[in-house]
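Observations on the model geometry
Okay, here's what each chain looks like letter by letter:
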Amino acid sequence: KQEVTQIPAALSVPEGENLVLNCSFTDSAIYNLQWFRQDPGKGLTSLLLIQSSQREQTSGRLNASLDKSSGRSTLYIAASQPGDSATYLCAVVEATDSWGKLQFGAGTQVVVTP
Amino acid sequence: DVKVTQSSRYLVKRTGEKVFLECVQDMDHENMFWYRQDPGLGLRLIYFSYDVKMKEKGDIPEGYSVSREKKERFSLILESASTNQTSMYLCASSLLGTSQRSSYEQYFGPGTRLTVT
C-alpha cells in the first residue's frame, strides 16, 4: 500500500529564507505527484503537478522536483514571505489507479516570521 | 479557472438529522470526489464518481452515501448524522484519465465545516 510521508511536520523560517519541503512515497510506480497549499479552515489550492515522466516543474517562486526512483519530491519556495505561511501537502496518483485517486501526505505546517 | 463550489462554509446539525452537502464544478470534469479532513488523520476519501449516476466507495464510506444526477453536481449525504461525523468536508474534481488533455489534476472547493451536536 502506498504511503506518503512529509517531514518535518512543522517548520518555522525567517522572512527571506528559502523553504525546502520534502515528500517521500514508498511505491515508485506513480502517475503523477501534486503539491497543494492549505490555509487554516480553507480548501486546498493546487500549486504544481509533476507527471511521472518529468523531473521538475516551476511556477514563479515555486519549484518542485521529482525523483521517482528514490521515491522523493521536494518543493522549493524562494525568498519566503509571511504570506507563504500555510500547510503544504503532497499527494500521488498511483500508476495502477484508473480514476486518479490521490494518496496524501499529512502535510508540513510552515510559518514565515517577519 | 476551474471553480469548485460547496453549498455551505459552516453547518451545524443535530444527531440523527439527514444532512446534504452539495458540490458544483464548472469545468465539465468527469471525476468528482468527497474527502473528510481531521486533525491527525489527514485527508481521507469517502466516495468518488466518474460519471453521472456512477459512484465508487473510497476508504471510509460507512455512514455516507452520494448522489450524482448531473455531471456538474455531486452530493454527499449523511443519512443519520452522528457526532463522529463532525469534520471538514472537501469536494474536488478532475478530468477522467482517458482524456488526452487529462493529468488527473484535482481542484478543490473551499470546504464545509460540519459540526454535529
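To be clear, the structure that these remarks concern was listed above.
Okay, so let's go over this structure. Here the structure is a predicted model, which means the values were calculated and not measured. (Residues numbered from 1 in each chain as written. Chains lettered and ligands numbered in written order. Predicted model: local features only at pLDDT ≥ 70, side-chain atom pairs only at ≥ 80, totals over all residues. Heavy atoms only, no water.)

Remarks on the overall build of chain A
Along its length, chain A carries zero helices and eleven strands. For chain A, the N- to C-terminal ordering of α and β elements is β-β-β-β-β-β-β-β-β-β-β. The principal-axis extents of the C-alpha atoms in chain A amount to approximately 45 × 30 × 20 Å. With 114 residues in all, chain A has 44% of them scored as buried. When the accessible surface of chain A is split by element, carbon and sulfur atoms take 48% of a total near 5,300 Å². Across chain A, the 8 positively charged side chains and the 10 negatively charged ones have centroids separated by 3 Å. (Helix = DSSP H or I, 4+ residues; strand = E, 2+ residues; numbered from the N terminus. Buried < 20%, exposed > 50% of the residue type's maximum accessible area, 1.4 Å probe, protein only. Areas by Shrake-Rupley, 256 points an atom, 1.4 Å probe, with all protein chains shown as cover. Lys, Arg positive; Asp, Glu negative; His and termini not counted. Charge placed at Lys NZ, Arg CZ, Asp CG, Glu CD.)

Thoughts on the state of the cysteines
Residue and element names in this part refer to chain B. For the coordinates displayed, the defined rule picks out two disulfides over all chains. Note on cysteine connectivity: Cys-23 is disulfide-linked to Cys-91, with sulfurs 1.8 Å apart. As the torsion about the S-S bond is roughly -80°, the Cys-23-Cys-91 disulfide counts as left-handed. Here Cys-23 is found in strand S3 (residues 19–25), whereas its partner Cys-91 is found in strand S9 (residues 87–94), with 68 residues between them in sequence. The same class applies to Cys-23 and to Cys-91, which are both buried. (Disulfide = S-S within 2.5 Å.)

Remarks on unusual backbone geometry
A cis geometry characterises the amide bond from Ile-7 of chain A onward to Pro-8 of chain A, with omega recorded as 5°. Mapped onto the fold, Pro-8 of chain A is located in the loop between strand S1 (4–5) and strand S2 (10–14). In this structure, Asp-28 of chain B takes a positive phi of about 60° despite not being glycine. Within the secondary structure layout, Asp-28 of chain B lies in the loop between S3 and strand S4 (31–38). A relative accessible area of 46% places Asp-28 of chain B in the partly exposed class.

Notes on the pairing of strand S7 (residues 62–67) of chain A
Residue and element names in this part refer to chain A. Bridge count between strand S6 (residues 56–59) and S7: four bridges; the pairing is antiparallel. When the bridges of S7 are listed, Gln-57 appears paired with Ala-64. A loop of two residues connects S6 with S7, the two strands running antiparallel in sequence, and Gly-60 in this loop sits at a positive phi of about 60°. Pairing of S7 with strand S8 (residues 72–77), which is carried by six bridges, proceeds in the antiparallel orientation. Each residue of the ladder has a partner; that of Ala-64, found in S8, is Leu-75. Linking S7 to S8, which pair antiparallel, is a turn of four residues; within it Gly-71 sits at a positive phi near 70°. (Pairing = 2+ DSSP bridges.)

Regarding the interface of chain B and chain A
Each side of the interface is counted separately: chain B has 20 residues, and chain A has 21 residues. At the boundary of chain B with chain A, total buried surface from both sides reaches about 1,700 Å², with 60% on carbon and sulfur atoms. By the criterion of area lost to chain A, the three top residues of chain B are Leu-43, Tyr-104 and Phe-108 of chain B, representing 31% of everything that side buries. Counting across the chain B and chain A interface gives zero salt bridges. Listing elements by their share of the side of chain B that touches chain A, those giving two or more residues are S4, strand S5 (42–51) and S9 of chain B. In terms of residue class, the side of chain B that touches chain A is built from twelve nonpolar, six polar and two charged. (Contact = heavy atoms within 4.5 Å. Buried area = accessible area lost by both parts, 1.4 Å probe. Salt bridge = Lys/Arg side-chain N within 4 Å of Asp/Glu carboxyl O. Nonpolar A, V, L, I, M, F, W, Y, C, P; charged D, E, K, R; others polar.)

Describing the nonpolar core
If you look at the biggest cluster of nonpolar residues, it comprises 22 residues, and the most contacted ones within it are Phe-25, Leu-33, Trp-35, Leu-75 and Tyr-88 of chain A. Secondary structure elements with two or more residues in this core: strand S3 (19–25), strand S4 (30–38), strand S5 (44–51), S7, S8, strand S9 (86–94) and strand S11 (108–113) of chain A. (Core = buried A, V, L, I, M, F, W, Y, C linked by side-chain atoms within 4.5 Å.)

Quick look at the sheet that holds S1 of chain A
Sheet strands associate in pairs through backbone hydrogen bonding, adopting either a parallel or an antiparallel arrangement. Taken in spatial order, the five strands of this open sheet run S1-S3-S8-S7-S6 (chain A), and their pairing is antiparallel. Both outer strands of the open sheet, S1 and S6 of chain A, are each paired with one neighbouring strand and no more.

With respect to the pattern of salt bridges
Residue and element names in this part refer to chain A. With the rule as written, the count across this model stands at nine salt bridges over all chains. Notably, a salt bridge pairs Arg-37 with Asp-39, separated by 2.9 Å at the nearest N-O pair. Under the relative-accessibility criterion, Arg-37 is labelled buried at 17%. Linking Asp-97 and Lys-101 is a salt bridge whose minimum nitrogen-to-oxygen distance equals 2.7 Å.

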